[in-house]
Amino acid sequence: QVQLVESGGGLVQAGGSLRLSCAASGNIFYIRTIGWYHQAPGKQRELVATITSAGSTKYADSVKGRFTISRDNAKNTVYLQMNSLKPEDTAVYYCNADISQIGVLAFYNYWGQGTQVTVSS
């Protein structure tokens, strides 16, 4: 019943900005760590940024200083502000979260369906 729905992807020129959003819905009790991964054609899925429930963040070296992750716990939503975009940022961006549902003691890991980000040179 838990769903992660991403939005905000698109086509942008190099140097531009995009803001991705991921809204979690369903029978949610608690979201632990939530974040973003990306996958370029022919490459493995890689971590972009994550944020814990306490607000601690982690970034891939390639995006430090350019991307900012944030979350709104009241809305069960995570954001990724992407500035100074480069063609090498082109990929499908996936939301990922560790979520416990109401009445369930365990945390399970969920993925969104992905949103395409294309940066033209």
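Before reading further, recall that the structure is shown in the block above.
In short, a report on the structure. Everything quoted here is computed from the prediction, not taken from an experiment.

## Structural notes on the pattern of salt bridges
- Applying the stated rule across the entire model yields 2 salt bridges.
- Close ionic contact of Asp61 with Lys64 constitutes a salt bridge, the shortest N to O distance being 3.1 Å. By the burial criterion, Asp61 is exposed, and Lys64 matches it.
- Close ionic contact of Arg66 with Asp89 constitutes a salt bridge, the shortest N to O distance being 2.8 Å. In this pair, Arg66 sits in the loop between β6 (57–59) and β7 (67–72) while Asp89 sits in the loop between β8 (77–82) and β9 (91–101), placing the two residues 23 residues apart along the sequence. Across the pair, Asp89 and Arg66 agree in class, each one buried.

## Focus on the sheet that holds strand β3 (residues 18–25)
- Strand order in the open sheet formed by 4 strands is β1-β3-β8-β7, and the pairing between neighbours is antiparallel. The strands lining the two open edges of the sheet, one partner per strand, are β1 (3–7) and β7. The mean angle between the axes of side-by-side strands here comes to 15°, regardless of whether they run parallel or antiparallel.
- Two elements, β7 and β8, share 6 bridges in a ladder whose sense is antiparallel. Bridge pairing in β8 places Asp72 opposite Thr77.

## Points about the nonpolar core
- In terms of nonpolar packing, the biggest core is built from 32 residues, with Trp36, Leu80, Met82, Tyr93 and Ile99 touching the most fellow members.
- Taken together, the elements giving at least two residues each to this core come down to β3, β4 (28–39), β5 (46–51), β7, β8, β9 and β11 (115–120).
- The element best represented in this core is β9, accounting for 5 residues.
- In this view, Tyr93 contacts Glu6, Leu20, Trp36, Tyr37, His38, Val48, Phe67, Leu80, Met82, Gly114, Thr115 and Val117; residues no more than four positions away in its chain are not counted.

## Looking at the packing of aromatic side chains
- As enumerated under the stated definition, the model contains 3 aromatic pairs in all.
- Between Tyr30 and Phe107, the ring centres sit 6.1 Å apart and the planes meet at 75°, which makes this aromatic pair edge-to-face. Of this pair, Tyr30 sits in strand β4 while Phe107 sits in strand β10 (residues 107–111), and the two are 77 residues apart along the sequence.
- The partly exposed category is assigned to Tyr30, whose relative accessible area is 35%.
- The class of Phe107 is partly exposed, set by a relative accessible area of 30%.
- Residues Tyr37 and Trp111 carry aromatic rings whose centres are separated by 5.1 Å and whose planes lie at 65° to one another, so their mutual orientation is edge-to-face. Note that Tyr37 is positioned in strand β4 and Trp111 in strand β10, a separation of 74 residues in sequence.
- Linked through ring pairs, Tyr37, Tyr94 and Trp111 together constitute an aromatic cluster.
- Sitting above the plane of the Tyr79 ring, Arg19 keeps its charged end 4.1 Å from the centroid.

## Observations concerning the environment of Tyr30
- Sequence separation between Tyr30 and Ala14 is 16 residues, and the spatial gap between their C-alpha atoms is 37 Å.
- Residues contacting Tyr30, with those up to four places away along its chain left out, are Ser53, Asp98, Ile99, Ser100 and Phe107.
- Only 2.7 Å separates the side chain of Tyr30 from the side chain of Ser53, close enough to count as a polar contact.

What counts as what
- Along every chain, residues carry numbers that run from 1 in the direction the sequence is written.
- Restriction of local features to residues with pLDDT of at least 70 applies here, the model being predicted, together with a cutoff of 80 or more for giving and counting side-chain atom pairs; totals for whole chains, interfaces and linings are based on all residues.
- Each side-chain value is worked out from all heavy atoms of the structure, with water and hydrogens disregarded.
- Any carboxyl oxygen of Asp or Glu within 4 Å of a side-chain nitrogen of Lys or Arg constitutes a salt bridge here.
- Only protein chains enter the area calculation, which uses a 1.4 Å probe; residues under 20% of their type maximum are buried, those over 50% are exposed, and those in between are partly exposed.
- Here a helix means four or more residues in a row that DSSP labels H or I, a strand means two or more in a row labelled E, and each is numbered from the N terminus.
- Two strands form a pair only when DSSP identifies at least two bridges running between them.
- All axes are obtained by fitting lines to C-alpha atoms, using only the stretch in contact for helices, and the reported angles, taken between N-to-C directions, cover 0 to 180 degrees.
- Buried Ala, Val, Leu, Ile, Met, Phe, Trp, Tyr and Cys residues that are joined via side-chain atoms within 4.5 Å together make up what is termed a nonpolar core.
- When checking whether two residues touch, look at their non-hydrogen atoms; a contact exists if any pair is within 4.5 Å.
- Classification of ring pairs rests on two measures: the distance between centres of Phe, Tyr or Trp rings, Trp counted by its six-membered ring, which must be within 6.5 Å, and the angle between planes, read as stacked under 30 degrees, edge-to-face over 60 and tilted in between.
- In this scheme, the term charge over a ring applies when either NZ of a lysine or CZ of an arginine sits within 6 Å of the ring centre and within 35 degrees of the ring normal.
- We call two N or O atoms a polar contact when they sit within 3.5 Å, provided that within protein one can donate a hydrogen and the other can accept it, with sequence-adjacent residues counted only if both atoms are side-chain atoms.

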